[in-house]
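Coordinates in review
Single-letter residue listing:
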Amino acid sequence: MAAKKAGCFITVEGADGSGKSTVISLLYDYLHDRGWNVLLTREPGGIEIAEKIRTIILNPEHTQMDKRTEALLYAAARSQHFAERVLPALQAGKVVLCDRFIDSSLAYQGYARGLGIDEVYAINRFAVGDYMPDLTLFFDVRPEVGLARINANKGREINRLDLEDIRFHQQVQEGYRLVRERFPERFVTIDAEQSLEQVFEVARTILEERLQEFRI
Ligand code: TMP
């Protein structure tokens, strides 16, 4: 049985180039400035062991990585990050903002890599137990728009998954559609092709509404 949690677990999901990482850090600043006890973190990574796993997974030279190895490494990084960082923060009553979580593995490894959404869900249940986010903001952007943004952002490091072709990114998008259908109670979709200001405003409004229920 999972230990009870008290805080609020919020995740952001979406394709590469959807702007979710920029918006989540703006949301963090916004909540922090208003006195919320909030933790901002990301996957894969967030703590030392998981950041090390991240460098193995995303190294562009690791072209020979088997897709099951990839799925297991994401789940391993998630398990450590959840136990070491997310769960203690939730148990301390914090709002946890996490850039990607299980849904990324379901869309990327489960659907786009073809391992099966149920199969990948099963290894992730092993990794983190029954925990799922209270709210997931999905940043909806067409894959070609996301890729164009990545390519325009010269400062961004190119990782192994960025090197996949447009078909892979279309599969990821379809994977996310199936995952959103599966968990309609916690997913909210945001049109991420709007300006950054508009996207932030929509995300902030949804988040504040949801947090009313969690005011301690
Ligand atoms: P990031 O660019 O959002 O930090 O994510 C790194 C890459 O890892 C991105 O292409 C999405 C991918 N990813 C998966 O394929 N499965 C996962 O479970 C996670 C968390 C990320």
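Residues numbered from 1 in each chain as written. Predicted model: local features only at pLDDT ≥ 70, side-chain atom pairs only at ≥ 80, totals over all residues. Heavy atoms only, no water.

1. Notes on the pattern of salt bridges
Under the criterion given, the structure shown has 17 salt bridges. For the salt bridge of Arg113 with Glu70, the shortest nitrogen-to-oxygen distance reads 2.9 Å. Residue Arg113 is located in the loop between α4 (102–112) and α5 (117–128), and its partner Glu70 is located in helix α3 (residues 67–91); the two are separated by 43 residues in the primary sequence. Both residues of the pair, Arg113 and Glu70, belong to the buried class. One salt bridge connects Arg125 with Asp130, and the closest N-O pair in it is separated by 2.8 Å. (Salt bridge = Lys/Arg side-chain N within 4 Å of Asp/Glu carboxyl O. Helix = DSSP H or I, 4+ residues; strand = E, 2+ residues; numbered from the N terminus. Buried < 20%, exposed > 50% of the residue type's maximum accessible area, 1.4 Å probe, protein only.)

2. What to know about the packing of α4 against helix α7 (residues 166–182)
Two elements in contact, α4 and α7, have axes separated by 8 Å at closest approach and are oriented at 125°. Relative to α7, α4 is oriented oblique. Once α4 is placed against α7, the crossing between them reads as right-handed. Where α4 approaches α7, its residues Asp103, Ser104, Leu106, Ala107, Tyr108, Tyr111 and Ala112 are matched on the opposing element by Phe168, Gln171, Val172, Glu174, Gly175, Tyr176, Leu178 and Val179. Of the residues that constitute the contact of α4 with α7, the class distribution is ten nonpolar, three polar and two charged. (Axes fitted to C-alpha atoms, helices over the stretch in contact; angles between N-to-C directions. Parallel < 35°, antiparallel > 145°, perpendicular 65-115°, else oblique. Left-handed = near helix turned anticlockwise from the far one by under 90°. Contact = heavy atoms within 4.5 Å. Nonpolar A, V, L, I, M, F, W, Y, C, P; charged D, E, K, R; others polar.)

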